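Structural features, examined
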Amino acid sequence: MGINGLLPRILPSAGRENYDLRALADGIISLAPPVHDDSQTTTDDPAPAPKRRRWTRRRVRIAVDVNGWIARAAHGFGGSLMDERHLTYHGRAQLRSEQQQQQQQRAEEGGEGSEQAEEGDEEQPNENQATTEEQIQQQQRTEYISQCNSFVLHKIEYLRDQCQALVLPVLDGATPPCKREAVRGRSDKRKRATRERDGAAASPQRPAAAPTGEEDEREGEEEQDEAARTEAEVLKRISASRRAGTGKDYALRQEMLGELLKEFRKRGWPFVVAPYEADGQLAYLANTGGVDVVVTEDSDLIAYGVPTLVYKLGGWNGANDANRAGVGSNVQGVVSGGRQTLRGTLLHRKDLGAAHGIDLMDFSDAMLATAFVAAGCDYCSSLTGVGVVTARNVVQRAFRGGRDGGAPVLRQVLDELFQKCGREARRQLLPLDDPDKEEVRAAYERSFLAALAMFRHPLVYDPISGVHAVANDVCEDGDGGTTSAGASFRKEENILMEYAPYKELVTNRERLYEVIGTPFAPEVAKGITEGLIDPRNPNVPESNSQRTEDDGTESRDLTQGSSGLQLSSQAGTQQSKSSSAASGFVSSLSPDLLASPSPQKPA
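What counts and what doesn't
- Position numbers for residues count from 1 along each chain, tracking the sequence in the order it is written.
- Local features in this predicted model are restricted to residues of pLDDT 70 or higher, and side-chain atom pairs are both shown and tallied only at a pLDDT of 80 or more, whereas totals for entire chains, interfaces and linings draw on every residue.
- The basis for the side-chain values is all heavy atoms of the structure; hydrogens and waters are excluded.
- Strands here are runs of E lasting at least two residues and helices are runs of H or I lasting at least four, both read from the DSSP assignment and numbered beginning at the N terminus.
- Burial classes: relative accessible area under 20% of the type maximum marks a residue as buried, over 50% as exposed, and values in between as partly exposed (1.4 Å probe, protein chains only).
- Note on contacts: a residue pair qualifies if any of its non-hydrogen atoms lie within 4.5 Å across the two residues.
- Accessible surface is estimated by sampling points in the Shrake-Rupley manner with a 1.4 Å probe; for residues, cover comes only from the protein chains shown.
- Per-residue confidence from the prediction method is given by pLDDT, with values spanning 0 to 100.
- The convention used is that axes are lines fitted to C-alpha atoms, helices contributing only their stretch in contact, and that angles between N-to-C directions extend from 0 to 180 degrees.
- Any angle between 65 and 115 degrees counts as roughly perpendicular, while under 35 counts as roughly parallel, over 145 as roughly antiparallel, and the rest as oblique.
- Handedness of a crossing follows from how the near helix is turned relative to the far one, being left-handed for an anticlockwise turn of less than a right angle and right-handed for a clockwise one.
- Residues are grouped as follows: Ala, Val, Leu, Ile, Met, Phe, Trp, Tyr, Cys and Pro are nonpolar; Asp, Glu, Lys and Arg are charged; every other residue, Gly included, is polar.
- The rule for a salt bridge is simple: a side-chain nitrogen of Lys or Arg has to be within 4 Å of a carboxyl oxygen of Asp or Glu.
- Any pair of Phe, Tyr and Trp rings, taking the six-membered ring for Trp, is counted once the centres come within 6.5 Å. Such a pair is stacked with planes under 30 degrees apart, edge-to-face with planes over 60 apart, and tilted for the rest.
- Two strands make a pair as long as DSSP finds a minimum of two bridges between them.
- In this description, one arc is meant: the one made by directions from the helix axis to the C-beta atoms.
- For the purpose of counting charges, residues Lys and Arg are taken to be positive, whereas Asp and Glu are taken to be negative. His and the chain ends are not included.
- Among the buried residues, those of types Ala, Val, Leu, Ile, Met, Phe, Trp, Tyr and Cys that are joined through side-chain atoms within 4.5 Å form a nonpolar core.

**Considerations on the overall build of the protein**
A count of helical and extended segments in the protein gives 20 helices and 13 strands. The burial tally for the protein puts 47% of its 603 residues in the buried class. Long-range pairs, those at least 24 residues apart, make up 73% of the contacts in the protein between residues at least 6 apart in sequence. Surface exposure of the protein reaches about 29,300 Å², of which carbon and sulfur atoms provide 47%.

What follows is the structure, given as structure tokens:
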């Protein structure tokens, strides 16, 4: 879902619309890691020559939020899971006949024992009919999975080929604790749509008999009315099928993801399964220099401070005029080999101040995250009457010298949000000194601080150390390792940590894990990242890292390579190599990404 109402206010002015990603095919120029200049070393001077850094051209690295593509395919092809008999008159009549037979059978089950012998004679045909229906359903599931995965694979392959880029798909893992309520709400919506899709076929409703002189005219009207009702019912079912997607069928989603990861391995494509949200993993890779561009449809990545984003790739969700002549939102066009486009809206973090719909000039990453949480996001619903503009104004006043200069900025933000919300919400929250309403205010505050912690300190997979770790770690035990917060981040975080409840949350590791999720053991973390272990059920591995596929060929482990992913300086790379040699671990992010140098990790 992302931040409510944010992208329409930012992208038209701050983004670069119709940007063709094929412009990146020539690569980008960056500084290579420093190397020793042995040519300047002499026997008289045993001291090593100073390290030199050279400018070099390398292939661009693009990380893709594949979850949006999967969700789009799952809903776009949702009609494949609908019983096709609903689409024809004959099929609907057959469904109604089956419903009547089932009702009669249920009525006969309460009859006398003499009728049980007749039911025994009919048992075999019923079993055969059930077997046939199961076969049809299984065939539908197989076609549905094939269509969805073909759509995703086609998009990634086209991006790789046309941009000559190193493409890294990133997938969601488990649901973090602070997002479970939002996920439960979406699941309930899909469940309701599934019931509409699979509901009983409506019986034709005929009006009462007309007088003899008007029978011909009445019959024509009846046919028109029935055709209109039938068309409306069919359209309603198709719409419900697309809204439902996979519905509540967890096994279907797992089978679809399993087949997709199998295709990734077969093609030798690197990929990453995040421990929890893919958003945090994408932000960590982008902010540490692991990737250059992130392709997504989720506005949450702006709140994470990602430097370069691409939205609406191929004309999704709207707005680029150059894309309307292409495939657009027609997912079938991609799978069938229709004309594709790699035009999207390019958004740089530094250009947010140019947005006309909302003034974000001089907003730091901490201010952005605070404003977007106040406006409403996946982790925290907004107060009634508080939108993006109101949240932005409240945050700016608090951070840039608001009315209560002595209070911590987060306390100022929360108090003003309580006063700026809608009338009904104010009745439950105000006055601020009313102890009877303290519980309601405290509940929102807990949700607010938890969402802010998710944006600032997500749990990610660190490819250098090979473990799950807290990004931008500021915990008091000082066990952050390569994911510890840099100087600029800590400077902003100190402003937020002036508010004691937030400081207690982000510096206490156990409390923070209750919000962002608990890290898995290193051997499990590696299996999750490579898609070998389900993060929702980590005790049962899906398979071994080296296993035999159905076609009898051995599946190649995507961790093959000679060095770790260079996310930071040469020292960080040497640490990765030494730890890999000691533990037998090699980063699962590459084989391709390992071959290119990365820029230095920002301070």
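After that view, the rundown keeps rolling.
**Concerning the confidence of the model for the protein**
For the protein, mean pLDDT is 75; residues scoring 70 or higher make up 63% of the total. A low-confidence stretch, residues 316-330 (pLDDT under 50), is modelled with 37 contacts involving residues beyond four sequence positions or located in other chains. In the model, residues 332-339 has pLDDT below 50 throughout and makes 18 contacts with residues more than four positions away in sequence or in other chains.

**Side note on the packing of helix α11 (residues 365-375) against helix α12 (residues 388-399)**
Contact geometry of α11 with α12 gives a least axis separation of 8 Å together with a crossing angle of 140°. By the angle between their axes, α11 is oblique relative to α12. Crossing handedness for the pair α11 and α12: right-handed. Taking contact as the criterion, the partners of M367, T370, A371, A374 and A375 in α11 are, on α12, V388, A391, R392, V395, Q396 and F399. Residue composition of the contact of α11 with α12, by class: eight nonpolar, two polar and one charged.

**Points about the environment of A355**
Tracing the backbone through its elements, the reader meets A355 in the loop between β11 (343-348) and α11. Put simply, A355 and L11 are 344 residues apart on the chain and 7.4 Å apart in space, counted from C-alpha to C-alpha. The residues contacting A355, other than those within four sequence positions of it, are R9, I10, S13 and A14.

**Focus on the pattern of salt bridges**
Tallied over the entire structure, the rule returns 21 salt bridges. Here R397 makes a salt bridge to E416, at a shortest N to O gap of 2.5 Å. Taken as a pair, R397 in helix α12 and E416 in helix α13 (residues 409-420) lie far apart in primary sequence, 19 residues in all. Given the relative accessible area of 37%, R397 is considered partly exposed. Taking relative accessible area as the criterion, E416 reaches 8% and is therefore assigned buried. The partner of D415 in a salt bridge is R411, with the nearest N and O atoms 2.8 Å apart. Residue D415 and its partner R411 are both found in helix α13; the two are separated by four residues, about one turn of the helix. Each member of the salt-bridge network shares a partner with another, and the members are E157, E263, K266 and R267.

**Side note on the packing of aromatic side chains**
Here the structure, examined in full by the defined rule, presents seven aromatic pairs. An angle of 40° between the planes, with centres 5.7 Å apart, marks the rings of F264 and F271 as tilted. Among the residues examined, F264 registers a relative accessible area of 0% and is labelled buried. Residue F271 is classed as buried on the basis of its relative accessible area of 1%. Centre to centre, the rings of Y444 and F448 are 6.0 Å apart; their planes meet at 50°, and the pair counts as tilted.

**Some words on the sheet that holds strand β6 (residues 61-65)**
Ordered in space as β1-β11-β10-β9-β6-β7-β8, the seven strands form an open sheet in which the pairing is mixed. Edge positions in the sheet fall to β1 (16-20) and β8 (272-273), since each of these pairs with one other strand and no more. Packing of helix α2 (residues 66-76) onto the sheet brings it into contact with β6, β7 (166-171) and β9 (293-295), and relative to β6 it is tilted by some 45°.

**With respect to unusual backbone geometry**
Here L430 and P431 are connected by a cis peptide whose omega angle stands at 0°. For Q164, which is not glycine, the phi torsion reads 50° and is therefore positive. Within the element layout of this structure, Q164 appears in the loop between α4 (116-163) and β7. The class of Q164 is partly exposed, set by a relative accessible area of 43%. The backbone of D362 sits at a positive phi, close to 65°, despite the residue not being glycine. The topology assignment puts D362 in the loop between β11 and α11.

**Overview of the packing of helix α17 (residues 500-507) against helix α18 (residues 509-516)**
In contact at an axis separation of 5 Å, α17 and α18 are set at 90° when each is read in the N-to-C sense. If you check the angle between α17 and α18, you find them roughly perpendicular. Contacts between α17 and α18 pair E504, L505, V506 and T507 from the former with R509, R511, L512 and V515 from the latter. Its residues assigned to classes, the contact of α17 with α18 comprises four nonpolar, one polar and three charged.

**Structural notes on helix α1 (residues 7-14)**
Listing the buried residues of α1 in full gives L7, I10, L11 and A14. Projected onto a plane normal to the axis of α1, the buried residues spread over an arc of 100° and lie on a single side. Structural note: α1 exposes P8 and P12 on the side pointing more than 90 degrees away from its buried face.

**Describing the side chain of D534**
Note that D534 resides in the loop between α19 (522-529) and α20 (570-583). Within the buried core, D534 has no salt-bridge partner, and the shortest N-O distance to an opposite charge, that of R536, equals 4.1 Å.

**Comments concerning the environment of A71**
Relative to the helices and strands, A71 resides in helix α2. The class for A71 is partly exposed, based on a relative accessible area of 34%. Distance from A71 to V152, taken between C-alpha atoms, is 9.9 Å for residues 81 residues apart in sequence.

**Things to note about α11**
For α11, the buried fraction is high: 10 of the 11 residues fall into the buried class. Within the span of α11, buried status applies to A366, M367, L368, A369, T370, A371, F372, V373, A374 and A375. Those residues of α11 that are buried lie in contact with α9 (300-303), α12, α13, α15 (438-456) and α16 (487-496). In the segment just after α11, G376 is the residue with positive phi, at about 105°.

**Description of the nonpolar core**
By size, the foremost hydrophobic cluster in this structure holds 130 residues, and its most contacted members are I10, L21, I302 and F448. Beyond its immediate chain neighbours, meaning those up to four positions away, I302 contacts L6, L7, I10, L309, Y311, L347, L352, L368 and F372.

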